[in-house]
Amino acid sequence: MNLHQDLKKGIEEGDFRTIARALTLVENDIEPSTDLLKSLKIKDTLVLGITGPPGAGKSTLVNAITNNLAVAGKKIAILAVDPTSPFNFGSLLGDRIRMSQQFNNPNVYIRSIATRGALGGISLKTLELVDVLKAAEFDLIIIETVGVGQSEVEIAGLADKTCVVLVPESGDEIQNIKSGLMEIAQVFVVNKADREGADVFANNLKKLVNEQHQAIPVFKTVADKNIGLTELCIWIVEEKIEVNKKRKFLIGDKAYKIIQNQKMKAIDKTKLLTDVQEALLKSNFNIYQFAEDWLKHS
Ligand SMILES: Nc1nc2c(ncn2[C@@H]2O[C@H](COP(=O)(O)OP(=O)(O)OP(=O)(O)O)[C@@H](O)[C@H]2O)c(=O)[nH]1
Ligand SMILES: [Mg+2]
């Protein structure tokens, strides 16, 4: 068998080493990643997005959710999307510590990926990596991403269920919650409920949800003490969300991203740089005209 077939077989059998290898190939655009993505049987595995402000306890919560569900025999894949921002430089190491319990768990596969510039963003690469995981035998795929700006909206696009993690101190941001988060969250978790103000904040959040006639549950957790996890895990596994409607809407966006990526592969960036520098020497240089001509002739 060739490498492509070996990879496909290994992924379908749920072999972690093969999955790791395939993810690396896909992440770095190394062949046979294209053929592999084309041939994989991508299943409808439930994707849970966990987002929220830096330090809210997302990784701790992912660890706790995984502990609870792995006991029930679920196979879980965790994808931690690390922003390349220097502010979060330590996060990978930190995640390894907070999720260290999971590294020896044969039912749990963990992978961190860098986002390459887009702050916390979900790139096409992330979509592709999730598709590789969807071709393997997992019951649940969890994606952790820090909620900064656009990334929350993007994770909501990728995930079937999005869990927005907040902390009692998030009370100050209640206006932001009103405007943006309501649209992307299927569940709110007030983590660090051992801290002062947790009840008040959770109640305010519930009021806000009701005012907007939304049916978004609000759970309180203390992730590092495994408190409040049972209810949350039941919701994760059992709550029916209208997944199909969302998928239909997003498929167009995904196709657009894939085509955009394929078109860009045809562009020789080194040649473009040389050509534009050469053209710049001409007295009538205009970059818009240059771009149009270059596309026509390349
Ligand atoms: N008091 C308290 N501390 C918690 C709780 N959950 C997590 N922590 C602590 O909060 C800190 C941050 O937790 P993380 O899980 O790394 O938070 P995060 O949201 O993943 O952080 P980033 O990925 O860097 O954005 C750690 O020191 C945790 O031990 C909780 O429920 N209560
Ligand atoms: Mg984290």
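Visitor: Please set out the overall build of the protein residue by residue, giving values where relevant.
Guide: Within the protein, the secondary structure is distributed over 13 helices and seven strands. Put simply, the protein has 298 residues, and 45% of those count as buried. Sequence-distant contacts, at least 24 apart, represent 77% of the contacts inside the protein between residues at least 6 apart.

Visitor: Give me the lowdown on the coordination of the magnesium ion (ligand 2), citing residues and values where you can.
Guide: Protein ligation of the magnesium ion (ligand 2) involves Ser59 (OG) and Glu144 (OE), the donor distances falling in the range 2.1 to 2.2 Å. Of this pair, Ser59 sits in helix 4 (residues 58–71) while Glu144 sits in strand 4 (residues 140–146), and the two are 85 residues apart along the sequence. Considered together, Ser59 and Glu144 belong to a single accessibility category, that of buried residues.

Visitor: For the pairing of strand 1 (residues 46–52), give the residues involved together with the corresponding values.
Guide: Of all the seven residues making up strand 1, six are buried; the element is thus mostly covered by neighbouring parts of the structure. Relative to strand 4, strand 1 is paired through seven bridges, and the arrangement is parallel. Residue Gly52 lies in a different strand from strand 4, and its bridge partner there is Val146. In this sheet, strand 5 (residues 161–166) lies alongside strand 1 in parallel orientation, the contact comprising four bridges. Bridge pairing in strand 5 places Gly49 opposite Thr162.

Visitor: Any details on helix 12 (residues 269–280)? Residues and values, ideally.
Guide: With 12 residues, helix 12 ought to run about 16 Å at 1.5 Å a step, and its terminal C-alpha atoms sit 16 Å apart, in line with that. Along helix 12, the residues classified as buried are Asp275, Val276 and Ala279. End-on view of helix 12: buried residues confined to an arc of 100°, all on one side of the axis. Facing away from the buried side of helix 12, by more than 90 degrees, are the exposed residues Thr270, Gln277, Glu278 and Leu280. Of the surrounding elements, those touching the buried residues of helix 12 are helix 13 (287–297).

Visitor: Any chance you could break down the packing of helix 2 (residues 16–27) against helix 6 (residues 124–135) for me, citing the residues and the numbers?
Guide: Relative orientation of the contacting elements helix 2 and helix 6 amounts to 155°, with a least axis distance of 10 Å. Compared by their axis directions, helix 2 and helix 6 come out roughly antiparallel. Of the two elements, helix 2 crosses helix 6, and the hand of that crossing is right-handed. The residues of helix 6 that touch helix 2, namely those facing Ile19, Ala22, Leu23, Val26 and Glu27, are Lys125, Glu128, Leu129, Val132 and Leu133. Taken together, the residues of the contact of helix 2 with helix 6 break down into seven nonpolar, no polar and three charged.

Visitor: Tell me about the nonpolar core, residues and numbers included.
Guide: The nonpolar side chains of a soluble globular protein tend to be buried with one another. By size, the foremost hydrophobic cluster in this structure holds 29 residues, and its most contacted members are Ile11, Ile19, Leu133 and Ile143. Among the elements that take part in this core, helix 6 stands out by supplying seven residues, more than any other. Each residue touching Leu133, except ones within four places of it in the same chain, is listed here: Ile19, Leu23, Ala77, Leu79, Tyr109, Phe138 and Ile141. Residues Ile78, Ala223, Leu229 and Trp235 belong to the second largest nonpolar core, which totals 27 residues.

Visitor: Any details on the pairing of strand 5? Residues and values, ideally.
Guide: Taken across its six residues, strand 5 has six buried, putting it largely inside the fold. Both faces of strand 5 are covered, namely the face carrying Lys161, Cys163 and Val165 and the face carrying Thr162, Val164 and Leu166.

Visitor: Describe helix 10 (residues 229–238), listing the residues and the values that go with them.
Guide: Turning to helix 10, its buried residues number three or more, namely Leu229, Leu232, Cys233, Trp235 and Ile236. Angular distribution of buried residues about the axis of helix 10 spans 155°; they occupy a single face of the element. Every exposed residue of helix 10 that faces more than 90 degrees away from the buried side is listed here: Thr230, Glu231 and Glu238. On its buried side, helix 10 packs onto strand 1, helix 4, strand 4, strand 5, strand 6 (187–190) and strand 7 (218–220).

Visitor: Just give me the short version of unusual backbone geometry, but keep the residues and values in it.
Guide: Omega for the bond connecting Glu31 with Pro32 falls within 30 degrees of zero, at 10°, which places this linkage in the cis form. A positive phi is found at Asp29, a non-glycine position, where the angle reads about 55°. Within the secondary structure, Asp29 sits in the loop between helix 2 and helix 3 (33–39). With a phi angle near 60°, Asn226 is a residue other than glycine that sits in the positive phi range. Structurally, the position occupied by Asn226 is in the loop between strand 7 and helix 10. When its relative accessible area of 43% is taken as the criterion, Asn226 is described as partly exposed.

Visitor: Report on the pattern of salt bridges, specifying residues and quantitative values.
Guide: Counted according to the given criterion, the structure contains 12 salt bridges. Here Asp29 makes a salt bridge to Lys125, at a shortest N to O gap of 3.5 Å. One end of the pair, Asp29, is in the loop between helix 2 and helix 3; the other, Lys125, is in helix 6, with 96 residues separating them in the sequence. In this structure Asp29 comes out as partly exposed when scored by relative accessible area, which is 36%. Salt bridges linked by common partners bring Asp29, Lys125 and Glu128 together as one network.

Calculation rules
Residues numbered from 1 in each chain as written. Chains lettered and ligands numbered in written order. Predicted model: local features only at pLDDT ≥ 70, side-chain atom pairs only at ≥ 80, totals over all residues. Heavy atoms only, no water. Helix = DSSP H or I, 4+ residues; strand = E, 2+ residues; numbered from the N terminus. Buried < 20%, exposed > 50% of the residue type's maximum accessible area, 1.4 Å probe, protein only. Contact = heavy atoms within 4.5 Å. Donors = N, O, S within 2.8 Å, 3.2 Å for Na, K, Ca; no water. Pairing = 2+ DSSP bridges. Expected span 1.5 Å × (residues − 1). Arc of directions from axis to C-beta. Axes fitted to C-alpha atoms, helices over the stretch in contact; angles between N-to-C directions. Parallel < 35°, antiparallel > 145°, perpendicular 65-115°, else oblique. Left-handed = near helix turned anticlockwise from the far one by under 90°. Nonpolar A, V, L, I, M, F, W, Y, C, P; charged D, E, K, R; others polar. Core = buried A, V, L, I, M, F, W, Y, C linked by side-chain atoms within 4.5 Å. Salt bridge = Lys/Arg side-chain N within 4 Å of Asp/Glu carboxyl O.

Note that all results are geometric; they support no functional claim without further evidence.
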